[in-house]
Every structure is written in structure tokens, then in C-alpha cells.
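Coordinate inspection notes
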Amino acid sequence: MISVTEAISLILVGALWGCTNPFMRQGSIDSKSSSNNTEQEATKSVLKSLFRLARIKVWLPYLINQLGSLLYYKQLASSNLTLSVPICNATAMVFSCITSFFLGERVNQPRRAVLGVTLILLGVQICMCSSGERISIVKESS
């Protein structure tokens, strides 16, 4: 059985991954983009990319995202792999959609986005039911 602590940890991983993706995307957007393909422009483009990484709007969400990855690897060592991976990835997608919405990112087809999030959550529920795992509220013994 999957314990409440494991379930919360897996959802936290999805939240850390999903909530930071829109922030990293916004932090790395450059308002001025050029389409010249000269060697000098290519060098400037590489330098601009390196300077983008120095922005706090990029590296702070990236650092938080990597903390989620550390927690993910810790959880993989102790929980059921067939549930850990789908739960983390699905909840990351859900949290990414929700965070993007709250940041004001435009969704071309909102009904499809809501349907996608619903199907993702349904898929995770099917994975949990088909594996026979249940969430246990009983305290684990060491």
C-alpha cells in the first residue's frame, strides 16, 4: 500500500515540477528577438542565452525544480515505480496548466485544456486502481 506520506511526497514532486515550468518559461523570454543569421548575430544570441541563465527569474525556479527532482529520486527508492512515475508526471502537467492560467498565459482552447487535465487525473486514478494500491492512513512501522 502507498502511505499518505508517499502520496503527498509524489504530489509535491508534481507541484514543484509543474509550478516552476511556467516561471522558467516566462523568465527566459526575451522581448527583442532578431532573425538575422550572420555569425556575429549567432555569437550575440549565444551570449544572450548565457546572460538569461544569470537572471533570478530563470535560476530560482530552476533550483526549486531540481529540489523536486531530488525528492523524486528519493521517492523512487522507496515507493512503487508503476505508480510513482505516472503520479509525478501527471500532477506536474496539471500544476503546470493551473500555474500558467494564474500567470495569465493565454490558452487557445480552454475546453480542451480542462478536458486534458481531467483525462490525466482519470488516468492516474485508473493506474492506482489497476495496480491494487490503496492509500493507507495507518502509520508505517519501521
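Residues numbered from 1 in each chain as written. Predicted model: local features only at pLDDT ≥ 70, side-chain atom pairs only at ≥ 80, totals over all residues. Heavy atoms only, no water.

**Structural notes on the nonpolar core**
Across soluble globular proteins, nonpolar side chains show a tendency to be buried alongside one another. Using the following cut-off: The term nonpolar core refers to a set of buried residues drawn from Ala, Val, Leu, Ile, Met, Phe, Trp, Tyr and Cys, joined through side-chain atoms within 4.5 Å. Relative accessibility under 20% of the residue-type maximum defines a buried residue, over 50% an exposed one, and the middle range a partly exposed one, all with a 1.4 Å probe and only protein chains included. Strands here are runs of E lasting at least two residues and helices are runs of H or I lasting at least four, both read from the DSSP assignment and numbered beginning at the N terminus. Any two residues whose heavy atoms approach within 4.5 Å are treated as being in contact.
In this structure, Val13, Trp17, Ile87 and Cys88 are the most contacted members of the largest nonpolar core, which totals 13 residues. Residue assignment for this core shows that the elements contributing at least two residues are α1 (4-28), α3 (56-78), α4 (81-102) and α5 (110-130). Considering each element in turn, this core owes the most residues, 5 residues, to α4. Excluding residues within four positions of it along the chain, cysteine 88 makes contact with Leu10, Val13, Gly14, Trp17 and Tyr72.

**Focus on the packing of aromatic side chains**
Heads up, the condition is: Any Phe, Tyr or Trp ring, taking Trp's six-membered ring, that has another such ring centre within 6.5 Å forms a pair; planes under 30 degrees apart are called stacked, those over 60 apart edge-to-face, and the others tilted.
A complete count under the given rule lists 3 aromatic pairs for this structure. Feature note: the residues Trp17, Tyr72 and Tyr73 constitute an aromatic cluster, connected by ring pairs.

**Here we look at the side chain of serine 79**
In plain terms, the rule: Polar contact is the term for a pair of N or O atoms within 3.5 Å; when the atoms are in protein, one must be able to donate a hydrogen and the other to accept it, and sequence-neighboring residues count only if both atoms are side-chain atoms.
Position of serine 79 among the secondary structure elements: in the loop between α3 and α4. For serine 79, a relative accessible area of 13% puts it in the buried group. One polar contact links serine 79 to serine 84, side chain to side chain, over a distance of 2.6 Å. Setting aside residues no more than four positions away along its own chain, serine 79 makes contact with Glu6, Leu10 and Ser84.

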